Amino acid sequence: MILLTNGHKPINLQYGKMRIIYLIAIAITISLGLASRNWSTLLPSFVAQNAGDILWAMMVYFGFRLLLVRKSALTAILLSFLFSFGIEFSQLYQEDWINQIRGTTLGALILGKGFLVEDLVRYTAGIIIAIVLDTTAIKFTLRSYMENR
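Residues numbered from 1 in each chain as written. Predicted model: local features only at pLDDT ≥ 70, side-chain atom pairs only at ≥ 80, totals over all residues. Heavy atoms only, no water.

Participant: Help me understand helix α1 (residues 15-38), please; the structure alone is not making it clear to me.
Facilitator: Each α-helix turn comprises 3.6 residues. Residues three or four places apart therefore point the same way. Taking 1.5 Å per residue, 24 residues should reach 34 Å; α1 reaches 34 Å between its end C-alpha atoms and fits that length. Those residues of α1 lying buried are Tyr15, Met18, Tyr22, Ala25, Ile26, Thr29, Gly33 and Ser36. (Helix = DSSP H or I, 4+ residues; strand = E, 2+ residues; numbered from the N terminus. Expected span 1.5 Å × (residues − 1). Buried < 20%, exposed > 50% of the residue type's maximum accessible area, 1.4 Å probe, protein only.)

Quick look at the structure:
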């Protein structure tokens, strides 16, 4: 359990509940990401061009929080950057076998197709947005918990 303190009283958040929250966050993020690609013509140009990569990086962060719920947020942040940037830099590697994987819908969604520096900026923005949402949700949960005691 996460042990946070408010004065001298410990506050316990159950890991199972946190996993459910992160799983929901992942589902919402994936849904928004797929929607941003399916209906990109209905979105403002800036949003259509950037939303998919930003949401992908948010999903990566929430995924690490889900898998490593007992670890600190800093661990999830560092792994999110390593994973996201690693995937982007892997796009510099162009061989037939991996390009065939990238040619599939799932492969393209996970591995991307070509290296773009601006994707690194989008991933950074997505991870920062996810951190803010995560931190805000935890603070809200703690405030609600303390008010109901």
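Still more ground to cover, so stick around.
Participant: Is there a simple way to explain the packing of α1 against helix α2 (residues 45-67) in this structure?
Facilitator: Working note: a packed helix pair is described by the angle between its axes plus the distance between those axes. Between α1 and α2, the least distance of the axes is 9 Å, while the angle of their chain directions is 165°. Here α1 lies roughly antiparallel to α2, going by the angle between them. Read as a crossing pair, α1 and α2 show a hand that is left-handed. Every residue of α2 that contacts α1 at Arg19, Tyr22, Leu23, Ala25, Ile26, Thr29, Ile30, Leu32, Gly33, Ser36 and Arg37 is listed here: Ala51, Gly52, Asp53, Leu55, Met58, Met59, Phe62, Gly63, Arg65, Leu66 and Leu67. Residues belonging to the contact of α1 with α2 are distributed by class as follows: 13 nonpolar, five polar and four charged. (Axes fitted to C-alpha atoms, helices over the stretch in contact; angles between N-to-C directions. Parallel < 35°, antiparallel > 145°, perpendicular 65-115°, else oblique. Left-handed = near helix turned anticlockwise from the far one by under 90°. Contact = heavy atoms within 4.5 Å. Nonpolar A, V, L, I, M, F, W, Y, C, P; charged D, E, K, R; others polar.)

Participant: Hey, could you run me through the pattern of salt bridges in this one?
Facilitator: Close approach of charged atoms allows side chains with opposite charge to pair. Tallied over the full model, the rule gives three salt bridges. The partner of Asp119 in a salt bridge is Arg122, with the nearest N and O atoms 2.6 Å apart. Linking Asp119 with Arg122, this pair stays in helix α6 (residues 117-147), spanning three residues, or about one helical turn. The exposure class of Asp119 is buried, given its relative accessible area of 5%. Judged by its relative accessible area of 15%, Arg122 is buried. One network of salt bridges, with partners in common, ties together Asp53, Asp119 and Arg122. (Salt bridge = Lys/Arg side-chain N within 4 Å of Asp/Glu carboxyl O.)

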